[in-house]
Amino acid sequence: MNSEHQTATSVRTTCPYCGVGCGVSAGPGQVAGDQQHPANQGRLCVKGSALHETLVPAGRLLQPRLAGVDSDWSEALKAASGAIREAVATHGPGSVAFYLSGQLLTEDYYVANKLAKGFVGTPHVDTNSRLCMSSAVAAHKRAFGEDCVPGCYEDVERADLLVLAGSNAAWAHPVLYQRMKAASRQGRRVVVIDPRRTATAELADLHLKLKPGTDTILFNGLLVWLADNSGLDQGYIARHCHGFEETLEAATQAAPSARSVAEQCDLPVADVETFYQWFAQTPRTVTGFSQGINQASAGTDKCNSIINCHLATGRVGLPGAGPFSLTGQPNAMGGREVGGLANTLAAHMDYDSPGARTSVARFWGTDRIPEVPGLKAVELFEAVHRGEIKVLWIMGTNPAVSLPESAHVREALARCPTVIVSDCMAETDTTAYADILLPAAGWGEKDGTVTNSERCISRQRAFLPLPGEVKPDWWIMANVARELGYGKAFDYRKPADIFREHAALSGIAVQASGSRRQFDIDCLKTLSDFDYEQLQPVQWPVSLAPDGRITGTSRLFDQGGFATPDGRARLVPIHTVNAGQQPSSAQPLVVNAGRIRDQWHTMTRTALAPRLLAHRQEPFIEVHPNDAEALTLAEGELGRLTGRNGGEYVGRIRVTSDQRPGEVFVPIHWNSQFASKGTATDLMMAVTDPVSGQPEGKHGVARLQPVPSRWHARVMRRPASGWQPELASPAGYWARQPLSHSESWWLAGNQPVDWELEADAWLGGAAQVVMGDVACGRFRAARIVDGQLQAVLLVAPSASELPDLAWLDQCFEAECLSPEQRQCLLAARAVDGENTGALVCSCFQVGENQIAKAIQAGDDSVEALGQALKCGTNCGSCIPELRGLLSNCSAPEAAEVS
Ligand SMILES: Nc1nc2c(c(=O)[nH]1)N[C@H]1C(S)=C(S)[C@@H](COP(=O)(O)OP(=O)(O)OC[C@H]3O[C@@H](n4cnc5c(=O)[nH]c(N)nc54)[C@H](O)[C@@H]3O)O[C@H]1N2
Ligand SMILES: Nc1nc2c(c(=O)[nH]1)N[C@H]1C(S)=C(S)[C@@H](COP(=O)(O)OP(=O)(O)OC[C@H]3O[C@@H](n4cnc5c(=O)[nH]c(N)nc54)[C@H](O)[C@@H]3O)O[C@H]1N2
Ligand code: SF4
Ligand SMILES: [Mo]
């Protein structure tokens, strides 16, 4: 069908990465921001604008595989349904579990939840949202009676005070950050609360670099300050809230004064007071919060301590005012709507919501719904490890990387009798354990809806054919359901059929709650196929205007009306301070973990676009200069972190005073596919929040040591050459970096290697060009067949001596090397003699050295650099780094003057 959303060349769809949920106009080989989408109005960040570069055949799973052998759908569906049927018959429905993802479409998610809870009859359905949003979900339910984000994106622009707590929006929600930035104006203030100085702190008028885990103290103290300084909205409290007195009392005990807060949070008292004054003075305040708040053993309390302050000031659901949970995944919200979490049933109903089980059972036409909630992610994998789960179906998530104590998780997967994995990629750390591996459709191939951080439902539309035997997730599950004999309940022809059913169930949930529930899209249950195809982004609750137009709702609760029995919100007393695991003499450092600008989670997709791996090329460890000095670690060397249970992480040292002393930061992205020991979760203990069950993914402890390395090397080979670092001599460390025309590895080792002897093994055949000063530990070899470059090996005594390799990658493109290229290979430097340095601007491929040169030449502002080199002029994500370079590289005389 050709409609206004689909031309011959492009469709209007939604970005599959973060929860901002940007509209994308996409077609084969090209993407652009959708000017009409309310979330981004045409903008895209660097990940979004590289989407088409990730739609490549490399690594795709194209066929079902049984026990590692290619198979077909008929066999695979039989195998999956057979395993489920047998487990249910022998061990009961509770022996089957589903582990889902906030990256599934709502339609996929709905079918998974219905199949598992309604027909297989198991309560054990949880999702990676447990690791992501479950503390925010639990806090919303405690405060508002329902899991609702009261505000919308426009509020972050209209706020006069924008507080960002535990959020690195500049890198994790880049387009929303751009909107925050563009809304800068006289008098608008930004406070960033984060133990690290991040790219987001660039926007801050005040950065509270607090001790990790102490956020509840800061916000308890704020409540006390508001009470002491006439900062409360007594009218709102009286009309719409419950529990204020107890909450204030608990806060007063925990955080009696700004001085006490400053001590406990390790902050200057003046900064605490400034924050409190600004908050008290500014009715239009938005507090955005993300994983620095949620991923903690007091995550739910942290969220509620923030919401408490907003309720007590009546700043909820007003233009420019409200607490704002920034959702991580593209459809974390949709998953919550269908009830994908273990402790929810369906459509924002819990197992114990009055009438819920009966209404859902009637609606689905089943009598198999379990009585009680199931196991949450960490507990679920414990049960797998104990052997209680016989069939585990994992969909759209990579738990071998993303769950804490990943070694234990891998052990659990290895033990589980039947692991079913639905994924788009053939080789991930999780698919390695699949007994039944099912090829799922990916972005661009699938159709359905997602809901972003501001409750906005948008369509994802397909614009590519399904490759190989690939099928959409809903299709796979509906067919397994058919094999199990539930065909009637899963007789879907297309996503629109599922969406209508999901919409209708939301109406049943609203009825059952006596119209207290906000999640209501009932009126969409009658959408025609054509209307579903045309559906415009719309924020729930959704209603129909008298003229039949679909109307959304931007803000909730400004007039109270909470989803509690008395309609009042709850302030939640926060008594205890649970700051997470504390360092000890054995593990003296605190480990913080989070995201980098250009990678998405476990890298299965973003690492397919070489330019997204150019900004940070290897796993790294950010360390404060004091700690680096004490441990004799220098920038660019390798360091090893060892966690409490012996888990290890090896990465490149980055020395930076952005860190607090005693604390290190590691990225969450690398895993066994990309590095020898780069899995951050290996360091993390499975400690969870007692209310939400969310693991404290931001609070590990570890010991840091240098990794002695006699040699550092880089190997480059033609793509898909099948080489593995294990095939060569003992390397203590490796990290893989796909480039545009080659595949490359960073390597290091302490064992002496006779390079002359070993080169052929590393290069996959006879080395024709060899340059070496073996005594000094420098060696270069290349393998050239019929004039074409096959492989390169570069060895140096320190990593900093290894040349920048962008130009070398170009040599792999050539059918036949030119004489100049051969010369350069020998000299290991670029044809034009320019080493562009580490990539800063991914959009225009501008490196650090180029920028430094331009600064030396007089380009002394971000704008001037943009004019000279174009850097920072597309998505703007690199502007904080440009500013950093500007302040570091400024000419010496200028530094003297200032
Ligand atoms: N580029 C990129 N963007 C992404 C993703 C991605 O993988 N890559 N993933 C998406 C997903 S699923 C999510 S959930 C979001 C996450 O988005 P964010 O939560 O913004 O990102 P993180 O880097 O995980 O963590 C944010 C910050 O929390 C800080 N922090 C750690 N401990 C504490 C603490 O005790 N208190 C406070 N106040 N702060 C603390 C960290 O220093 C870090 O800077 O990002 C989404 N966007
Ligand atoms: N220590 C620590 N741990 C963390 C975090 C942290 O900050 N610190 N963050 C946590 C958070 S917030 C999150 S959200 C998780 C993320 O962790 P994961 O969800 O495990 O990471 P992803 O790489 O997004 O995994 C998605 C998988 O689904 C596949 N896939 C993509 N699209 C589809 C599809 O349409 N269908 C199917 N079937 N498969 C698909 C991808 O190839 C990939 O294998 O990590 C969590 N773990
Ligand atoms: S901000 Fe998020 S949704 Fe928007 S383009 Fe970037 S990754 Fe995609
Ligand atoms: Mo997340």
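Residues numbered from 1 in each chain as written. Chains lettered and ligands numbered in written order. Predicted model: local features only at pLDDT ≥ 70, side-chain atom pairs only at ≥ 80, totals over all residues. Heavy atoms only, no water.

S.K.: Now, about the packing of aromatic side chains: what can you tell me, with residues and values included?
M.R.: A ring pair, where both rings are aromatic, is described by two values, the distance of the centres and the angle of the planes. The tally for this structure, following the rule as stated, stands at 23 aromatic pairs. Ring geometry for Trp443 against Phe463: centres 5.4 Å apart, planes inclined by 75°, an arrangement best described as edge-to-face. In this pair, Trp443 is assigned in the loop between strand S18 (436-439) and strand S19 (448-451) and Phe463 in the loop between strand S20 (456-460) and helix H20 (473-483), connecting sequence segments 20 residues apart. Using a relative accessible area of 7% as the deciding quantity, one classes Trp443 as buried. Residue classification places Phe463 among the buried residues on the basis of a relative accessible area of 14%. An aromatic cluster of at least three residues, connected via ring pairs, comprises Phe219, Trp225, Phe275, Tyr276 and Phe279. The ring of Trp475 carries the charged tip of Lys471 above its face, separated from the ring centre by 4.8 Å. Positioned over the ring face of Phe620 is Arg616, at 5.7 Å from the centre of the ring. (Phe/Tyr/Trp six-rings, centres within 6.5 Å; stacked < 30°, edge-to-face > 60°. Helix = DSSP H or I, 4+ residues; strand = E, 2+ residues; numbered from the N terminus. Buried < 20%, exposed > 50% of the residue type's maximum accessible area, 1.4 Å probe, protein only. Lys NZ or Arg CZ within 6 Å of the ring centre and 35° of its normal.)

S.K.: Could you give me a rundown of the domain arrangement of the chain, with the residues and numbers involved?
M.R.: Taken domain by domain, the chain consists of domain 1 (11-54), domain 2 (65-132 + 331-551), domain 3 (134-325), domain 4 (589-706), domain 5 (711-827) and domain 6 (839-897). Just the C-alpha atoms count here: the centres of domain 3 and domain 6 sit 33 Å apart. Taken together, the six residues of domain 3 in the interface contact six residues of domain 6. Around 490 Å² of area is buried between domain 3 and domain 6 when both sides are counted, 45% of it from carbon and sulfur atoms. For the pair domain 3 and domain 6, the number of links is one salt bridge. For the salt bridge of Glu202 with Arg883, the shortest nitrogen-to-oxygen distance reads 2.2 Å. Per-element tally for the side of domain 3 that touches domain 6: the top contributor is helix H7 (residues 174-182), with three residues. Partitioning the side of domain 3 that touches domain 6 into residue classes produces three nonpolar, one polar and two charged. (Domains from an automatic or database assignment. Contact = heavy atoms within 4.5 Å. Buried area = accessible area lost by both parts, 1.4 Å probe. Salt bridge = Lys/Arg side-chain N within 4 Å of Asp/Glu carboxyl O. Nonpolar A, V, L, I, M, F, W, Y, C, P; charged D, E, K, R; others polar.)

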